[in-house]
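Each chain is listed here by its residues.
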Amino acid sequence: MKGVIGQRWYTPWVFLLPALVVLGVFFVLAFVQVVYFSLTRVKLFEGGETEFIGLENYRRLVSTDRFWWCLLNSGIYLLVTPLIIGLSLGAAMVVEAGLKWAKGLRLVLFLPVVTPTIVAAIAWRAALSEDAGAINGVLRAVGFEGAPWLTQWPWTLLSAMMVTLWKGFGFYMMVFLAGLLAVPRELKEAAYLDGAGRWGVFRHVVLPSVWPVVMLVFVISSISALKVFEELYVTVKGAAIEDQTVVPLIYDAAFERGDYGLASAFGVALFLVILTFSLVNMKLASRGKEGAEG
Amino acid sequence: MIDRRPAWLTGVLTICAALLAGLAIGPAVLLVMISLQPAGGDMSSLKGAGEFVAHTVTGAPVDPVTGQAGAYKGATTRNFQDAWEKGNLAGPMLNSVIVTGTRAVCNVLLAALAAYPLARMKFKGRSWVFVLILATMMIPDQVIVVPMFRTVVQMGLADTLIGVIIPFSVSALGISMCKQAFEQIPASLEEAARIDGASTLQVWWHVMLPLSAPTLATLALFSVIGAWSELLWPLVVLQESKNYTLPVAVNQLLGEFAGNVRLAYAGAVLSLVPIVAVFVLSQRFLKPQMFAGGVKG
């Protein structure tokens, strides 16, 4: 952390300038603006004028059924989080077990992460297609009825969640792998010598060490579930907005209906939900950490 | 020492590995098969898929079940031609390459520039600037998409690739990754370069950047994956189809040729191939450790 010899007072700011301008204009200023817009009627293409109307947009937000449906759906969408944790932790353990081809397996399991979301959604649309898709085919073969995956709530939500799960688990697998690789080998061996079985070593050594990582993944994947847009937009193209989540609602209000004020109010509401959620999560995470250590 | 794993456990693990690999690859295989399917073929039923494979393998326009001559139902590249020509994908492919490449370069350079003083220089306001930068991570771009778009319109960048690139040309996550990497570099190397008469910018370029190359490569790879995939923001900014990036163009195909979904599938495969190639060639930069540092920020 030493000061560099010959540094002028403005040198650090010259280095920081481009990043600060971009983040300042497009994130900090935009955030201030979204709060302001939510209190106005915005005419975007008529010179961008705004008319202050106080809490009118929030009154409309509260009295709009769609908003509450979308919020509920966002809540349902959060159920993808435990699934993603289970699948990615399981995958990380399989990769870490050191089978032949473990490197290749890691590569293959990361492929969904690099797959563009729209491509993933299109591929899943084929598998989920109602009369002829592979998934309904299998369901019928084992005696169930096929489900209307692409047209009817809540199946539509479930379909988008499958895409989120598929595209996301490889990423969190890498996060868990980092956690698993950081468990000291001596610790596992010591527990084993003390007579803990394979399960005991997992339960009492590995799991407590990766617990903070589980909490971390819980926070990140919950937040990204609350921000979901593309999976719904493509996988269940054309589904009614009230059958989708909050971000599609923002998109619809702003870019389909041109109601920027209301869209901004939806945005602020989503921000508050995410903020509350991450604060509660962080609180739980720190408590969980103490528990694991104590 | 932990005993050798019993054979049954290795068996279970191998089965799990195979299932996971199948899950990861299955949808992509389906995608590729449908994109190769000729008009009138039926991919969705098992029988149709079987016929497709049989026709592709034998190459004969003969029904494998009845033995009678019929239409050829095996693999064809026709959909790719149609998607490329009718969907005008050449432009979007080039646009996506431009957007992705520029964003990756900007992300690395701007993040590394900003991270240098944060990691190495003493100045007033350093810690609050860094906190402010990290705070932008708390603001989801989905929340601020409306004012972001308004700013882009006011700058006269609506419907341009620059408008797609600029807001995401640097990220707090990238700055934080670079800062951590720079902090690992011994100060003595910096001082040695100084004594040899290097300027601050030269130290940054000749010492800091090369010594943090693995982190910068990972950051570039993250940016490439993110930019290539992105749909929401280009969908908002771009209006004319000649300006579309690939995901927007493929989304357009899906709506415009709803009667022949194979075109959208071919378009999807065309947008999948480059990114998978980039990933396979650069996968050595994807170490699990990078994810530990990356997500913690």
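Secondary structure assignment for chain B yields 15 helices and 0 strands. For 297 residues, the compact-globule estimate of 2.2 N^0.38 gives 19 Å, and chain B exceeds it by more than 25% at 25 Å. By its C-alpha atoms, chain B is 85 × 65 × 35 Å across when sized along the principal axes. Considering chain B as a whole, with its 297 residues, one finds that 49% of them fall into the buried category. Surface exposure of chain B reaches about 13,300 Å², of which carbon and sulfur atoms provide 66%. Here chain B holds 19 positive side-chain charges and 15 negative ones, and the gap between their average locations is 8 Å.

Listed per partner, the contact involves 95 residues of chain A and 97 residues of chain B. Carbon and sulfur atoms make up 79% of the surface buried where chain A meets chain B, a total of about 8,600 Å² over both sides. There are 10 residue pairs in polar contact (both at pLDDT 80 or more) connecting chain A and chain B. Grouping the constituent residues of the side of chain A that touches chain B by class yields 73 nonpolar, 12 polar and 10 charged.

All names here are of chain B. Remark: helix 4 (residues 90-120) packs on helix 10 (residues 200-211), axes separated minimally by 11 Å, with the N-to-C direction vectors making an angle of 105°. When the interaxial angle is binned, helix 4 and helix 10 end up roughly perpendicular. Contacts between helix 4 and helix 10 involve Leu109, Ala112, Leu113, Tyr116 and Arg120 on the former and, on the latter, Thr200, Val203, Trp204, Met208 and Leu209. The residue inventory of the contact of helix 4 with helix 10, partitioned by class, reads 8 nonpolar, 1 polar and 1 charged.

All chains considered together, the criterion is met by 27 aromatic pairs over all chains. Between Phe255(A) and Phe149(B) the ring centres are 5.6 Å apart and the planes differ by 75°, which places this aromatic pair in the edge-to-face class. With Phe255(A) in helix 12 (residues 246-256) and Phe149(B) in helix 6 (residues 145-154), this pair bridges two chains. For Phe255(A), a relative accessible area of 21% corresponds to the partly exposed category. Residue classification places Phe149(B) among the buried positions, given a relative accessible area of 3%.

A few words on the pattern of salt bridges. Residue and element names in this part refer to chain A. Scanning the entire structure with this criterion turns up 12 salt bridges over all chains. Linking Arg59 and Glu56 is a salt bridge whose minimum nitrogen-to-oxygen distance equals 3.1 Å. In this pair, Arg59 and Glu56 both sit in helix 2 (residues 56-63), 3 residues apart, roughly one turn of the helix. Look at Glu56 and you get partly exposed, because its relative accessible area is 28%. Among the ionic pairs, Glu96 bridges to Lys188, the shortest N-O distance being 4.0 Å. Within this pair, whereas Glu96 is found in helix 4 (residues 80-96), its partner Lys188 is found in helix 9 (residues 185-193), the two being separated by 92 residues in sequence. Using a relative accessible area of 18% as the deciding quantity, one classes Lys188 as buried. Sharing partners across several salt bridges, the network here consists of Arg66, Glu242, Asp252 and Arg257.

Moving on to helix 6 (residues 117-128) of chain A. Residues and elements named next belong to chain A. With 12 residues, helix 6 extends 16 Å between its outermost C-alpha atoms, agreeing within 8% with the 16 Å of an ideal straight helix rising 1.5 Å per residue. Most of helix 6 is tucked away: 11 of the 12 residues are buried. Looking only at helix 6, the buried set comprises Thr117, Ile118, Val119, Ala120, Ala121, Ile122, Ala123, Trp124, Ala126, Ala127 and Leu128.

What follows is about helix 12 of chain A. In an α-helix, one turn spans 3.6 residues; hence positions three or four apart end up facing the same way. The element helix 12 of chain A is largely enclosed, with a buried count of 9 among its 11 residues. For helix 12 of chain A, the full list of buried residues reads Val246(A), Val247(A), Pro248(A), Leu249(A), Ile250(A), Tyr251(A), Asp252(A), Ala253(A) and Ala254(A).

Looking now at the environment of Leu158(A). Take Leu158(A): it is sitting in helix 8 (residues 155-181). When the C-alpha positions of Leu158(A) and Val80(A) are compared, they lie 8.9 Å apart, and in sequence the two are 78 residues distant.

Let us now look at the domain arrangement of chain B. Residue and element names in this part refer to chain B. Looking at chain B, the domain boundaries give domain 1 (7-79) and domain 2 (83-296). On a C-alpha basis, the centres of domain 1 and domain 2 stand 36 Å from each other. Area buried by domain 1 at its contact with domain 2 is led by Leu31, Ile34 and Asn79, which between them contribute 64% of it. At the junction of domain 1 with domain 2, the criterion picks out 1 residue pair in polar contact (both at pLDDT 80 or more). Here the element with the most residues in the side of domain 1 that touches domain 2 is helix 1 (residues 7-35); it accounts for 4 residues. Taken together, the residues of the side of domain 1 that touches domain 2 sort by class into 5 nonpolar, 4 polar and no charged.

This part is about a nonpolar patch on the surface. A surface patch of nonpolar side chains, amounting to about 380 Å² of accessible area, comprises Val28(A), Val32(A), Trp128(B) and Leu132(B). At the level of elements, helix 1 (11-37) of chain A together with helix 5 (126-135) of chain B are the ones that each hand at least two residues to the nonpolar patch. As for its placement among the helices and strands, Val28(A) is situated in helix 1.

Here we take up the domain arrangement of chain A. Residues and elements named next belong to chain A. According to the domain assignment, chain A contains domain 1 (11-60) and domain 2 (64-293). Spacing between the C-alpha centres of domain 1 and domain 2 amounts to 31 Å. Contacts between domain 1 and domain 2 engage 12 residues on the former and 9 residues on the latter. Regarding the contact of domain 1 and domain 2, the summed buried area is about 920 Å², with carbon and sulfur atoms giving 65% of it.

Take the side chain of Glu190(B) next. Residues and elements named next belong to chain B. In this structure, Glu190 sits in helix 9 (residues 187-195). For Glu190, a relative accessible area of 7% gives the class buried. Side-chain polar atoms of Glu190 contact the side chain of Tyr116, separated by 2.9 Å. Looking at Glu190, its side chain comes within polar contact range of the side chain of Arg120, at 3.1 Å.

This paragraph deals with the packing of helix 1 of chain A against helix 6 of chain B. Look at helix 1 of chain A against helix 6 of chain B: their axes get within 8 Å of each other, and the N-to-C directions meet at 115°. Taken together, the axis directions place helix 1 of chain A and helix 6 of chain B in an arrangement best described as roughly perpendicular. Seen along the crossing, helix 1 of chain A lies across helix 6 of chain B with a hand that is right-handed. Across the interface between the two elements, Val25(A), Phe26(A), Phe27(A), Ala30(A), Gln33(A), Val34(A) and Phe37(A) from helix 1 of chain A touch Val146(B), Pro147(B), Met148(B), Arg150(B), Thr151(B) and Val152(B) from helix 6 of chain B. Its residues placed into classes, the contact of helix 1 of chain A with helix 6 of chain B shows 10 nonpolar, 2 polar and 1 charged.

Conventions adopted
- Residues numbered from 1 in each chain as written.
- Chains lettered and ligands numbered in written order.
- Predicted model: local features only at pLDDT ≥ 70, side-chain atom pairs only at ≥ 80, totals over all residues.
- Heavy atoms only, no water.
- Helix = DSSP H or I, 4+ residues; strand = E, 2+ residues; numbered from the N terminus.
- Rg over C-alpha atoms; globule rule 2.2 N^0.38 Å.
- Buried < 20%, exposed > 50% of the residue type's maximum accessible area, 1.4 Å probe, protein only.
- Areas by Shrake-Rupley, 256 points an atom, 1.4 Å probe, with all protein chains shown as cover.
- Lys, Arg positive; Asp, Glu negative; His and termini not counted.
- Charge placed at Lys NZ, Arg CZ, Asp CG, Glu CD.
- Contact = heavy atoms within 4.5 Å.
- Buried area = accessible area lost by both parts, 1.4 Å probe.
- Polar contact = N/O pair within 3.5 Å; in protein donor to acceptor, adjacent residues only side chain to side chain.
- Nonpolar A, V, L, I, M, F, W, Y, C, P; charged D, E, K, R; others polar.
- Axes fitted to C-alpha atoms, helices over the stretch in contact; angles between N-to-C directions.
- Parallel < 35°, antiparallel > 145°, perpendicular 65-115°, else oblique.
- Phe/Tyr/Trp six-rings, centres within 6.5 Å; stacked < 30°, edge-to-face > 60°.
- Salt bridge = Lys/Arg side-chain N within 4 Å of Asp/Glu carboxyl O.
- Expected span 1.5 Å × (residues − 1).
- Domains from an automatic or database assignment.
- Patch = residues over 30% accessible without salt bridge, like charges linked within 9 Å, V, L, I, M, F, W, Y side chains within 5 Å.
- Left-handed = near helix turned anticlockwise from the far one by under 90°.

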